[in-house]
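# Structure at a glance
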Amino acid sequence: MDLLTQPVGIAHYLVVGAILFVAGVVCMATKRNALGVLMGIELVLNGANVNFVAFGSELLRGRSESSIGLDGQAIALFVIVLAAAEAAVALAITLNFYNNHATVDVDRADELKG
Amino acid sequence: MNWHSFFFLLFALIACAFAVAVVLTSNIVRMAFYLTLSLGATAGLFFLAGADFVGAMQLLIYVGGTLVLLIFGVMLTAQAHFITMKIERNQWVIVAIVGGSLLFLLLTAAFRVPEWRLGSEVAESQEAAASHSRPTATPLGMALLGVRVDTEEVSEEKQPGLAGYLLPFEIISVHLLVVLIGSAYLARAKRRARSRALE
């Protein structure tokens, strides 16, 4: 029950970010559905976001000269917007592929293979 | 009991458990639902770290926008043989080895730096920071407009490094516009072009 009484530090957030990141990478590698790969990318970006916010937080680290402060939150905002843009494009490509080939299996998308 | 730690543990467990569930399930509809819960719990983690505006944007844009888009994609392509697609068993072994070693690397890196673990002196300054933590929406908005209002106590020679984010903000706005027009062009119905080609 040590975790319940001691205050939360940056390392706690880094652990959560690492688990989200690895889950996203494994999800990208193991899913055959193109939308599943897209969900893996979302998890990876989210894990990175957790780290950015944790390093910029005064509540976790206290005030110190080496803290990145508000920059971490600004970068996290940029990542969220970029993830939205990336999801829109990837979904459009997936729907286009589905219209042309009647499948969303990424293993079947091998027309450019030499 | 430390309520901050309690809620951190709660949200961290939800986020991690459902992220792992996204990987383990092979049903695409369930994956979308688990991803919603995982990202929502991450918004709770952002609130607990003092990033109230980023947490709200995570709920609004990510959970409310991006995931709804993803769920629409799932609904438009959900035919019976696409809902569960599995990979072979020996591929899972390779994935487990690669993923496990990556996780081990990241976890050892997280605990390697002593500054990131919490000492007693950090806990004191943490309480001091918690006592005068302010909402971050106004400083963030000013930083996006190119003016930093949160850097009063930073020394004079470090000030030029703390520039605002006006140019990245403009670039990302134009980028978002271009991306949305491009994806609408890509995903549009192509009946008219096809019928014209038939003539």
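Refer to the structure above for everything that follows.
Residues numbered from 1 in each chain as written. Chains lettered and ligands numbered in written order. Predicted model: local features only at pLDDT ≥ 70, side-chain atom pairs only at ≥ 80, totals over all residues.

### Description of the overall build of chain A
A tally of regular secondary structure across chain A gives five helices and zero strands. Computed over the C-alpha atoms, the radius of gyration of chain A is 19 Å, more than 25% above the 13 Å expected from 2.2 N^0.38 for a compact globule of 114 residues. Dimensions of chain A, computed from the C-alpha atoms along their principal axes, are close to 55 × 30 × 25 Å. Split into buried and exposed, the 114 residues of chain A put 55% on the buried side. Within chain A, contacts between residues separated by at least 24 positions form 51% of all contacts whose residues are at least 6 apart in sequence. (Helix = DSSP H or I, 4+ residues; strand = E, 2+ residues; numbered from the N terminus. Rg over C-alpha atoms; globule rule 2.2 N^0.38 Å. Buried ≥ 20, exposed ≤ 12 C-beta atoms within 10 Å, placed from the backbone. Contact = placed C-beta atoms within 7 Å.)

### Concerning the packing of helix α3 (residues 34-56) of chain A against helix α3 (residues 52-77) of chain B
Taken N-terminus to C-terminus, the directions of α3(A) and α3(B) make an angle of 170°; their axes are 11 Å apart at the nearest point. The orientation of α3(A) with respect to α3(B), classified from their angle, is roughly antiparallel. Residues A:L35, A:L38, A:M39, A:E42 and A:V53 of α3(A) form the contact with α3(B), whose participating residues are B:V54, B:T66, B:L70, B:G73, B:V74 and B:T77. (Axes fitted to C-alpha atoms, helices over the stretch in contact; angles between N-to-C directions. Parallel < 35°, antiparallel > 145°, perpendicular 65-115°, else oblique.)

### Focus: the packing of helix α5 (residues 70-101) of chain A against helix α7 (residues 137-144) of chain B
Across the interface, α5(A) lies against α7(B) with an axial gap of 10 Å and an inter-helix angle of 70°. Put simply, α5(A) runs roughly perpendicular to α7(B). Residue-level contacts link A:L70, A:Q73 and A:A74 of α5(A) to B:P139, B:L140, B:A143 and B:L144 of α7(B). Its residues assigned to classes, the contact of α5(A) with α7(B) shows six nonpolar, one polar and no charged. (Nonpolar A, V, L, I, M, F, W, Y, C, P; charged D, E, K, R; others polar.)

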